[in-house]
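Understanding the architecture of this molecule
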Amino acid sequence: MAKIKMNTPIVEMDGDEMTRILWKMIKDHLLEPFIELNTEYYDLGLEHRNETDDQVTVDSANATKKYKVAVKCATITPNAARMTEYDLKEMWKSPNGTIRAILDGTVFRAPIVVEGIEPCVRNWKKPITIARHAYGDVYKGSEMKIPGAGKVELVYTAEDGSETRELVHDFDSAGIVQGMHNISQSIESFARSCFNYALDIKQDLWFATKDTISKKYDHTFKDIFQEIFDAEYKEKFEAAGITYFYTLIDDAVARVMKSEGGYIWACKNYDGDVMSDMISSAFGSLAMMTSVLVSPDGYYEYEAAHGTVQRHYYKHLEGEETSTNSVATIFAWSGALRKRGELDGNQELMEFADRLEKATIDTIEEGKMTKDLALITTIKNPVVLNSEEFIKAIAGKM
């Protein structure tokens, strides 16, 4: 059988620990036998990031701007223990954070729905996609412990030296305070990414904040979304037969729990962080989530939504068998290959991505799965496969 050709490379970002092992298995068994794989390779493993002073992460993001499509393996964001373990020069930043900042992207996460892995919420029939604004708020906040009585103010000093002050709190005893910010340009990019993605996948878009309480901060998000929608997207949404809907975050949560799913739920940074974990857990597992970073400039970076599976990696190093779920990483590859095919007009590549996803889902629905899924499935007498056996079972379906 002739292999499928790729005209344009995708950016390949290798990663760490057990997911790095799975990465090679997926390429060996599911991709290279069928495709003349064309990638521009970047090693984002922690050792190589340390060797290059993390320049490799910046280079991979800039390459994504050039080629438009990237696929990323899970990577380590080091803490103090990792500093010692890997003898790091410094505590390097999250690669995901660096890439998001360079691409100015929004993260979209959606569960992979499989019969036999049933959602905890019984009325959820279709995936719910979380769109998380990946900039600012508490993640770039400044914090202070207040030792005793005193006044805390917000102070804005303009370029001409003039000041605007807003009282935060007049403390009469010890306490804490936090300041956070966002940037209009980043919110605008977030809005456009959400509107574009909704048009891409033909799904309704919800957006929710707490503008009744946060009358300037959250209200600005609401206003920017509405202004951009009315000026640039209203007619496109009508033509596509989809809707844009704004509500308060607490109302959105209540509506989500009673819905059937099948829409995009746009959230501010913290809300998106929390709700994506809630959605993934309620649908089954973080290892059964797709994740794609979408830039309003048309850049796409696909990855698994989970970490590097450190515990399984240490077992692997000891020569022990592991049963690690590779589904999210497989879907990262299929998503990137489908988008590459779409941008290049390569129908064969798009159809291959569809077949790969169907083979993965069919394997699970036939009762062959990794241990984590066997513990939660409603399928009778599932066959538990180890990490490589599961990937080979999918290859057999291909």
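Refer to the preceding data block for the structure.
Let us look at the structure shown here. Quick caveat, the model's predicted, so the values are computed rather than measured.

Read from one edge to the other, the open sheet built from ten strands follows the order 4-2-5-16-15-6-7-14-12-13, with strand pairing classed as mixed. Strands with a single pairing partner mark the edges of an open sheet, and in this sheet they are strand 4 (39–43) and strand 13 (244–248). Here the strands of the sheet are splayed against their neighbours by 20° on average, with no regard to which way each runs. Note that strand 6 (residues 106–111) and strand 15 (residues 289–294) share six bridges and pair antiparallel. Among the inter-strand pairings, Val107 is bridged to a residue of strand 15, identified as Leu293.

This part is about the environment of Ser323. Inspection of the secondary structure assignment puts Ser323 in the loop between helix 10 (310–317) and helix 11 (327–344). Each C-alpha atom, one on Ser323 and one on Ala131, is 30 Å from the other, the two residues being 192 residues apart in sequence. Here Ser323 is in contact with His312, Thr370, Lys371, Val384, Leu385, Asn386 and Ser387, once residues within four sequence places are set aside. Within the structure, the side chain of Ser323 is placed 2.9 Å from the backbone nitrogen of Lys371, a separation counted as a polar contact. In this structure the side chain of Ser323 is engaged in a polar contact, spanning 2.6 Å, whose partner is the backbone oxygen of Leu385.

Using the criterion set out here, one finds 20 aromatic pairs in the structure. Their ring planes at 40° and their centres at 5.5 Å tell us that Phe195 and Phe229 sit as a pair that is tilted. Taken together, the positions of Phe195 in helix 6 (residues 184–201) and Phe229 in helix 7 (residues 217–240) put the pair 34 residues apart, joining distant regions of the chain. Each member of the pair, Phe195 as well as Phe229, carries the same accessibility label: buried. Aromatic side chains Tyr313 and Tyr314 sit 6.3 Å apart centroid to centroid with 40° between the ring planes, which places their arrangement in the tilted category. With a relative accessible area of 33%, Tyr314 lands in the partly exposed category. Aromatic rings pair up to connect Phe190, Phe195, Phe207, Phe225, Phe229, Tyr233, Phe237, Tyr244 and Tyr246 into one cluster.

Helix length check: helix 12 (residues 347–365) (19 residues) gives 27 Å between terminal C-alpha atoms against 27 Å at 1.5 Å per residue, within 8%. When helix 12 is considered as a whole, its buried residues turn out to be Leu349, Phe352, Ala353, Leu356, Glu357, Ala359, Thr360, Asp362, Thr363 and Ile364. Positive phi appears at Gly367, one or two residues downstream of helix 12, with a value of about 95°.

So, on to unusual backbone geometry. Phi at Asp104 is positive, roughly 55°, even though this residue is not glycine. Residue position: Asp104 is located in the loop between helix 5 (95–103) and strand 6. One non-glycine residue with positive phi stands out, namely Lys202, at about 55°. Among the secondary structure elements, Lys202 is positioned in the loop between helix 6 and strand 12 (205–209). Here Lys202 falls in the exposed class, since its relative accessible area comes to 52%.

Calculation rules
Residues numbered from 1 in each chain as written. Predicted model: local features only at pLDDT ≥ 70, side-chain atom pairs only at ≥ 80, totals over all residues. Heavy atoms only, no water. Pairing = 2+ DSSP bridges. Helix = DSSP H or I, 4+ residues; strand = E, 2+ residues; numbered from the N terminus. Axes fitted to C-alpha atoms, helices over the stretch in contact; angles between N-to-C directions. Contact = heavy atoms within 4.5 Å. Polar contact = N/O pair within 3.5 Å; in protein donor to acceptor, adjacent residues only side chain to side chain. Phe/Tyr/Trp six-rings, centres within 6.5 Å; stacked < 30°, edge-to-face > 60°. Buried < 20%, exposed > 50% of the residue type's maximum accessible area, 1.4 Å probe, protein only. Expected span 1.5 Å × (residues − 1).

Purely geometric numbers; function is a separate question.
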